[in-house]
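Take a look at the letters that make up each chain.
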Amino acid sequence: FPVSESEGAVEVALDVGFRHIDNAHLYGNEKEVGRAIQKKMADGTIKRNDVFYTGKAGGDYIPMDENGKILLDMSTDLCAIWEAMEKCKDAGLVKSIGVSNFNRRQLEKILNKPGLKHKPVLNQVECHPYLNQSKLLDYCKSKDILLAGYNVLGSHRHKIWVDQNSPVLLEDPVLVEIAKKYDKTPAHIAIRYQIQRGVVPIAKSYNPERIKENFKVFDFELTPGEMQSIDGMNRNLRYTDLKP
């Protein structure tokens with residue numbers, strides 16, 4: 001993660017109109033992002049209440065074995081971790097608490113926990129037209145949990161995380177064709193698709209022009225038929241595969 005570019009990128013994003021900043025301790029740029037938010041509050045661009053800032057806790061973030069394979073811990077007590085997060089909220093350390101990469105079964109484990117004080121407000125998962133998460137989205141809506149999507153534009157195709165033979169989402173003819181109709185880019189269509197179905201899209205960029213470009217999704221609306229066509233692209237394909 002280009003830490004040195006983080007502060008400027010967040011300033012540009014806030015100037016453009018973005019109000020959801022997604023971060024994590026893992027990224028190593030929390031101070032830079034915090035400075036950018038403070039700066040934009042000081043110059044009157046935003047008030048603190050305008051911004052939804054997401055952080056993520058973690059110790060040994062991505063433990064690997066000697067062969068570089070990710071080690072998964074299936075014995076983790078999710079309910080105990082959730083109780084610790086509830087204490088963070090009760091102490092005023094965070095405004096809201098949520099989860100990431102949870103499936104329905106894991107969400108139910110939290111929601112059905114005896115003595116639950118605060119339910120998750122958000123579940124952040126990989127979500128794009130090739131992995132539209134429609135069942136999970138419907139379930140989250142039924143429980144009043146927001147679904148936030150990462151990799152909404154496919155992926156940055158990092159060699160460590162992504163199979164280089166996987167298809168490039170933004171080259172898909174369905175997105176390309178719809179983009180032509182609206183004089184937009186396939187990226188605009190992919191982002192707009194998520195907004196219309198109630199997913200919070202996370203579009204990652206450090207490029208000021210790209211950040212500005214990604215915001216140009218509020219001057220058009222996809223038709224029900226176009227939404228259906230994009231739904232039809234689903235192939236349950238994950239770009240970020242955390243399996244060992």
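It should be emphasised that the depicted structure is a prediction, and the values quoted were computed from it without experimental measurement.

Quick notes on the rules
Residues numbered from 1 in each chain as written. Predicted model: local features only at pLDDT ≥ 70, side-chain atom pairs only at ≥ 80, totals over all residues. Heavy atoms only, no water. Helix = DSSP H or I, 4+ residues; strand = E, 2+ residues; numbered from the N terminus. Buried < 20%, exposed > 50% of the residue type's maximum accessible area, 1.4 Å probe, protein only. Polar contact = N/O pair within 3.5 Å; in protein donor to acceptor, adjacent residues only side chain to side chain. Contact = heavy atoms within 4.5 Å. Salt bridge = Lys/Arg side-chain N within 4 Å of Asp/Glu carboxyl O. 1 Å grid on protein atoms, 1.4 Å probe; cavity = no way out; pocket = protein on both sides within 12 Å on 5 of 7 lines; lining within 4 Å. Points joined across faces, edges and corners; volume = space filled by probe spheres on them. Nonpolar A, V, L, I, M, F, W, Y, C, P; charged D, E, K, R; others polar. Core = buried A, V, L, I, M, F, W, Y, C linked by side-chain atoms within 4.5 Å. UniProt positions renumbered as here; feature names shortened; annotations may be inferred. Arc of directions from axis to C-beta. Axes fitted to C-alpha atoms, helices over the stretch in contact; angles between N-to-C directions. Parallel < 35°, antiparallel > 145°, perpendicular 65-115°, else oblique. Left-handed = near helix turned anticlockwise from the far one by under 90°.

S.K.: Sorry if this is basic, but what is going on with the side chain of N29 here?
M.R.: Structurally, N29 is set in the loop between β1 (20–22) and α2 (30–42). With relative accessibility at 4%, the residue N29 sits in the buried group. Of note is the side chain of N29, whose polar atom sits 2.9 Å from the side chain of S6. Among all residues touching N29, those that are not within four sequence positions of it are V3, S6, N23 and Y206.

S.K.: What should I look at first to understand the pattern of salt bridges in this one?
M.R.: Two side chains bearing opposite charge may form a pair once their charged atoms approach each other closely. Throughout the structure, instances matching the rule amount to 13 salt bridges. A salt bridge links D22 to K56, with the shortest nitrogen-to-oxygen separation between them at 3.2 Å. Placement of D22 in strand β1 and of K56 in the loop between β2 (52–54) and α3 (78–90) is noted, with a sequence separation of 34 residues between them. A relative accessible area of 18% places D22 in the buried class. Overall, K56 belongs to the partly exposed group, its relative accessible area being 23%.

S.K.: I'm lost on the layout of surface pockets in this one. Help?
M.R.: The computed volume of the second largest pocket comes to approximately 180 Å³. Surrounding the second largest pocket, L153, L170, T185, A187, H188, K204, S205, R210, E213 and N214 form its lining. Secondary structure elements with two or more residues in the lining of the second largest pocket: α7 (186–196) and α8 (208–214). When residues in the lining of the second largest pocket are grouped by element, the largest group, three residues, is from α8. Here the residues of the lining of the second largest pocket are counted per class, giving three nonpolar, four polar and three charged.

S.K.: Teacher, can you tell me more about the nonpolar core here?
M.R.: Nonpolar side chains in soluble globular proteins tend to be buried together. In this structure, L175, I189, L222 and I230 are the most contacted members of the largest nonpolar core, which totals 19 residues. Of all the secondary-structure elements, those providing two or more residues to this core are α6 (173–182), α7 and α9 (224–231). Formed by 17 residues, the second largest nonpolar core is a distinct cluster that contains L78, W82, Y139 and L147.

S.K.: Sorry if this is basic, but what is going on with the UniProt feature "site: Lowers pKa of active site Tyr" (unreviewed entry) in the protein here?
M.R.: Sequence positions flagged by UniProt for "site: Lowers pKa of active site Tyr" (unreviewed entry) are, in local numbering, K56. Ignoring anything within four residues of it in the chain, the contact list for K56 reads D22, N23, A24, H25, Y27 and Q124. Among the polar contacts listed, one links the side chain of K56 to the side chain of D22, at a separation of 3.2 Å.

S.K.: Teacher, can you tell me more about α9 here?
M.R.: Every α-helix winds through 3.6 residues per turn, so residues three or four apart in the chain are directed the same way. By the burial criterion, the buried members of α9 are E226, M227 and I230. Taken around the axis of α9, the buried residues stretch over an arc of 100°, which confines them to a single face. Exposed residues lying more than 90 degrees from the buried face of α9 are P224 and Q228. At its buried positions, α9 is contacted by α6 and α7.

S.K.: Help me out: how do you make sense of the packing of helix α4 (residues 104–111) against helix α5 (residues 134–142) in this one?
M.R.: Any two packed helices are characterised by the angle at which their axes cross and by the distance between the axes. Two elements in contact, α4 and α5, have axes whose closest approach is 11 Å; the angle formed by their N-to-C orientations is 15°. With respect to α5, the element α4 is oriented roughly parallel. As for the relative orientation of α4 and α5, their crossing is right-handed in sense. Contacts between α4 and α5 involve R104, L107, E108 and L111 from the former and L136, Y139 and C140 from the latter.

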